Amino acid sequence: MHYVVLQVILKEKLWGTGAGNLTELEKTINAQAAKGYRLHTITTASSGSKGLAGGDRIQATMVFESLG
């Protein structure tokens, strides 16, 4: 079996709720699927951000498993 491990940082929107860059997560998953991998595991860790831009950061770590 072959595996790929990738991380994506999701940034909370400055105004409102929810991640502002979920499309980045989606693109990462779809890119690996196109290469013949499926998402095996995903974990997240969050941290607060200090500063003018503010917003929490969520680090998504994904493990992809080769289908071939």
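Residues numbered from 1 in each chain as written. Predicted model: local features only at pLDDT ≥ 70, side-chain atom pairs only at ≥ 80, totals over all residues. Heavy atoms only, no water.

## Some points on the nonpolar core
Argument step 1. Counting 8 residues, the largest nonpolar core is built from V4, V8, L10, L25, Y37, A60, M62 and F64.
Argument step 2. Elements with a contribution of two residues or more to this core: β1 (3-11) and β3 (57-66).
Argument step 3. Apart from residues no more than four positions distant in its own chain, M62 is found in contact with V4, V5, L6, V8, L25, T28, I29, L39, T41 and I42. (Core = buried A, V, L, I, M, F, W, Y, C linked by side-chain atoms within 4.5 Å. Buried < 20%, exposed > 50% of the residue type's maximum accessible area, 1.4 Å probe, protein only. Helix = DSSP H or I, 4+ residues; strand = E, 2+ residues; numbered from the N terminus. Contact = heavy atoms within 4.5 Å.)

## Considerations on helix α1 (residues 22-34)
Argument step 1. Taking 1.5 Å of rise per residue, 13 residues should cover 18 Å, and α1 covers 18 Å from first to last C-alpha, within 8% of that figure.
Argument step 2. What α1 keeps buried is the set L25, T28 and Q32. Down the axis of α1, the buried side of the element spans an arc of 60°, and every buried residue falls inside it. Exposed positions of α1 whose direction lies more than 90 degrees from the buried face are T23, K27 and A34.
Argument step 3. Residues of α1 that are buried in the fold lie against β1, β2 (37-47) and β3. (Expected span 1.5 Å × (residues − 1). Arc of directions from axis to C-beta.)

## Looking at the environment of L6
Argument step 1. Among the secondary structure elements, L6 is positioned in strand β1.
Argument step 2. Distance in space between the C-alpha atoms of L6 and F64 is 8.2 Å, their sequence separation being 58 residues.
Argument step 3. Setting aside residues no more than four positions away along its own chain, L6 makes contact with T28, Q32, A60, T61, M62 and F64.

## Considering the pairing of β3
Argument step 1. Pairing of β1 with β3, which is carried by 9 bridges, proceeds in the antiparallel orientation. Opposite L6, over in β3, you have M62 as the bridge partner.
Argument step 2. Pairing of β2 with β3 involves 10 bridges; the strand directions are antiparallel. Within the sheet, the bridge partner assigned to Y37 lies in β3 and is S66. (Pairing = 2+ DSSP bridges.)

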